[in-house]
Amino acid sequence: NLSPPPPPPPQPAPQTGRSKKRARDGADETASERADRKSARERRRRAEVGEKFEELTKALGEAEERCAGSVPRRDAVSEGNRVDLLQRAIDVVRALTKACVDAKRAAAAAP
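Residues numbered from 1 in each chain as written. Predicted model: local features only at pLDDT ≥ 70, side-chain atom pairs only at ≥ 80, totals over all residues. Heavy atoms only, no water.

**Student:** How would you sum up the overall build of the chain? Please name residues and give values.
**Tutor:** Each helix and strand in the chain was counted, giving two helices and two strands. Here the chain holds 111 residues, and 14% of them are scored as buried. A fraction of 41% describes how many contacts in the chain between residues 6 or more apart in sequence connect residues 24 or more apart. Counting every atom, the chain has about 9,600 Å² of accessible surface; 55% of that belongs to carbon and sulfur. (Helix = DSSP H or I, 4+ residues; strand = E, 2+ residues; numbered from the N terminus. Buried < 20%, exposed > 50% of the residue type's maximum accessible area, 1.4 Å probe, protein only. Contact = heavy atoms within 4.5 Å. Areas by Shrake-Rupley, 256 points an atom, 1.4 Å probe, with all protein chains shown as cover.)

If you want it as structure tokens, here you go:
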């Protein structure tokens, strides 16, 4: 009783030399297409960050106008300097927090 020899192990798929990945729609996607998609996603992210910095600038301006005396005014902030804008936001949040705490203390001390 001679048994047949075992089948050979499966062979790996041949490499084509260029990287491919399954896209969400099921089609093959090249490295170039992935790079393009990544670039577009980064452009959208940067645009959204820019919009949020513009929104923050407006909100800080409104806080400075409406809460004059409670919020420090920083006229020397250069246009487009995000580090200065973030520092200004930190200063405003701290000043508003202090004003809130002081108002609560004053209300608690009032008869």
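**Student:** Now, about the nonpolar core: what can you tell me, with residues and values included?
**Tutor:** In terms of nonpolar packing, the biggest core is built from seven residues, these being Phe53, Leu60, Ala63, Val71, Leu85, Ala89 and Val92. For this core, the secondary-structure elements that each account for two or more residues are helix 1 (31–66) and helix 2 (82–109). The residues contacting alanine 63, other than those within four sequence positions of it, are Val71 and Val92. (Core = buried A, V, L, I, M, F, W, Y, C linked by side-chain atoms within 4.5 Å.)

**Student:** Describe the pattern of salt bridges, and please don't skip the residues or the numbers.
**Tutor:** The tally for this structure, following the rule as stated, stands at six salt bridges. Across the pair arginine 45 and glutamate 42 runs a salt bridge, and its minimum N-O distance is 2.8 Å. Separated by three residues within a single helix, arginine 45 and glutamate 42 lie in helix 1, roughly one turn from each other. In this structure arginine 45 comes out as partly exposed when scored by relative accessible area, which is 44%. We note a salt bridge from arginine 46 to glutamate 42, for which the minimum N-O separation is 3.0 Å. With arginine 46 and glutamate 42 both in helix 1, this residue pair falls four residues apart, about one helical turn. (Salt bridge = Lys/Arg side-chain N within 4 Å of Asp/Glu carboxyl O.)

**Student:** Requested: an account of a positive patch on the surface, with residues and values cited.
**Tutor:** Together, Lys38, Arg41, Arg43 and Arg44 give the surface a local cluster of positive charge. If you trace the backbone, arginine 44 turns up in helix 1. What makes arginine 44 exposed here is its relative accessible area of 55%. (Patch = residues over 30% accessible without salt bridge, like charges linked within 9 Å, V, L, I, M, F, W, Y side chains within 5 Å. Lys, Arg positive; Asp, Glu negative; His and termini not counted. Charge placed at Lys NZ, Arg CZ, Asp CG, Glu CD.)

**Student:** Explain the packing of helix 1 against helix 2 residue by residue, including any values.
**Tutor:** Where helix 1 contacts helix 2, the two axes come as close as 10 Å, and the packing angle between them is 45°. It follows from the interaxial angle that helix 1 and helix 2 lie oblique. For the crossing formed where helix 1 meets helix 2, the hand is left-handed. Side by side, helix 1 and helix 2 meet where Val49, Gly50, Phe53, Leu56, Thr57, Leu60, Gly61, Ala63 and Glu64 of the first sit next to Arg82, Leu85, Leu86, Arg88, Ala89 and Val92 of the second. Along the lines of polarity and charge, the residues of the contact of helix 1 with helix 2 split into nine nonpolar, three polar and three charged. (Axes fitted to C-alpha atoms, helices over the stretch in contact; angles between N-to-C directions. Parallel < 35°, antiparallel > 145°, perpendicular 65-115°, else oblique. Left-handed = near helix turned anticlockwise from the far one by under 90°. Nonpolar A, V, L, I, M, F, W, Y, C, P; charged D, E, K, R; others polar.)

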